[in-house]
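Descriptive structure summary
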Amino acid sequence: MEHFRNPRNQGSMDNPDAVGQEGNPTCGDVMKIYLRIKDNRIEDIKFETLGCAAAIAVSSAATELAKGKTLEEALAMNKDDIVNDLGGLPAPKIHCSMLGVDALHSAIKDYQNKKSL
Ligand code: FES
């Protein structure tokens, strides 16, 4: 609830190094993650989420956990890390936690794709 009431890292970012977006086709919720990367580390991260309360809490927790991590560490994060950080989620809301991880991973892949061009 604390992450929902006072979400961390919410908003967009000017000139991000990478952007990732994921949506849940069932509920229609969408999450977008912006990354600023320096020396292979997530220096700054922001999110915009159009979604349920759990999706907003998940976005907030995911960005807090990912900030400062190397890209490899952030890619190794999974939904359980986020659910545990939030102190658990009701079973019907577990799918919301997938959005946070998927959007984060897709932003990192966007960065890796741009670098390999
Ligand atoms: Fe869709 Fe939570 S109900 S992400």
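Residues numbered from 1 in each chain as written. Predicted model: local features only at pLDDT ≥ 70, side-chain atom pairs only at ≥ 80, totals over all residues. Heavy atoms only, no water.

In this structure, Ile-33, Leu-35, Ile-42, Ile-45, Ile-82 and Leu-104 are the most contacted members of the largest nonpolar core, which totals 29 residues. The set of elements that each furnish at least two residues to this core consists of β2 (30-38), β3 (41-50), α2 (53-66), α3 (71-75), α4 (79-85) and α5 (94-116). When residues no more than four places from it in sequence are discounted, the contact partners of Ile-82 are Val-58, Ala-61, Ala-62, Leu-65, Met-77, Ser-97 and Val-101. (Core = buried A, V, L, I, M, F, W, Y, C linked by side-chain atoms within 4.5 Å. Buried < 20%, exposed > 50% of the residue type's maximum accessible area, 1.4 Å probe, protein only. Helix = DSSP H or I, 4+ residues; strand = E, 2+ residues; numbered from the N terminus. Contact = heavy atoms within 4.5 Å.)

Attention shifts here to the packing of α2 against α5. Remark: α2 packs on α5, axes separated minimally by 8 Å, with the N-to-C direction vectors making an angle of 40°. In terms of orientation, α2 and α5 fall into the oblique class. Handedness of the crossing formed by α2 with α5: right-handed. For the pair α2 and α5, contact is made by Ala-54, Ala-55, Val-58 and Ala-66 and by Cys-96, Ser-97, Gly-100 and Leu-104, respectively. (Axes fitted to C-alpha atoms, helices over the stretch in contact; angles between N-to-C directions. Parallel < 35°, antiparallel > 145°, perpendicular 65-115°, else oblique. Left-handed = near helix turned anticlockwise from the far one by under 90°.)

With that out of the way, let us pick up the pairing of β3. Direction of pairing for β2 relative to β3: antiparallel, over a ladder of nine bridges. Bridge assignment links Lys-32 to a residue of β3, and that residue is Glu-48. Turn length for the β2-β3 hairpin, with the two strands adjacent in sequence and antiparallel, is two residues, and the turn residue Asp-39 shows positive phi of about 50°. (Pairing = 2+ DSSP bridges.)

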